[in-house]
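# Summary of structural features
Listed below are the residues making up each chain.
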Amino acid sequence: MRKDIHPKLVACTVTCSCGNSFVTESEKDEMRIDICNECHPFFTGSERMVDTAGRIDKFNKRYAKK
């Protein structure tokens, strides 16, 4: 295998726009992101399902366990 082809990893501080920050490894020493696991709707439980023409109800009726 060839030597010295991989990038050097350093400790990276990731800062979200919501104020959350954490440390990981990356090529860069600092990153700023818009959304993280603390403020993303999927992880916070505030995700909303958009029902288009009753498709969710139709699916639930069709595949409901009896």
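Residues numbered from 1 in each chain as written. Predicted model: local features only at pLDDT ≥ 70, side-chain atom pairs only at ≥ 80, totals over all residues. Heavy atoms only, no water.

## A word on the pattern of salt bridges
- According to the stated counting rule, one finds one salt bridge in the structure shown.
- One salt bridge in this structure joins E30 and R32, with 3.2 Å as the shortest N-O distance.
- The exposure class of E30 is partly exposed, given its relative accessible area of 43%. (Salt bridge = Lys/Arg side-chain N within 4 Å of Asp/Glu carboxyl O. Buried < 20%, exposed > 50% of the residue type's maximum accessible area, 1.4 Å probe, protein only.)

## Notes on the sheet that holds strand β2 (residues 21-26)
- If you trace the three strands from one edge of the open sheet to the other, you get β2-β1-β3, paired in mixed fashion. A strand with exactly one partner marks an edge of an open sheet, and here the two such strands are β2 and β3 (30-33). Sheet twist, expressed as the mean angle between neighbouring strand axes with direction ignored, is 30°.
- Looking at chain direction, strand β1 (residues 10-16) and β2 are connected through six bridges and run antiparallel. Along β2, the bridge assignment pairs V14 with F22. (Pairing = 2+ DSSP bridges. Helix = DSSP H or I, 4+ residues; strand = E, 2+ residues; numbered from the N terminus. Axes fitted to C-alpha atoms, helices over the stretch in contact; angles between N-to-C directions.)

## Digging into the side chain of S26
- Within the fold, S26 resides in strand β2.
- A distance of 3.4 Å separates a polar side-chain atom of S26 from the backbone nitrogen of K28.
- What S26 contacts, discounting residues up to four positions off in sequence, is K8, L9, V10, C12 and M31. (Polar contact = N/O pair within 3.5 Å; in protein donor to acceptor, adjacent residues only side chain to side chain. Contact = heavy atoms within 4.5 Å.)

## Structural notes on unusual backbone geometry
- Not every positive phi belongs to a glycine, and D4 is a case in point at roughly 60°.
- Of note, D4 is situated in the segment before β1.
- You can call D4 exposed: its relative accessible area is 72%.

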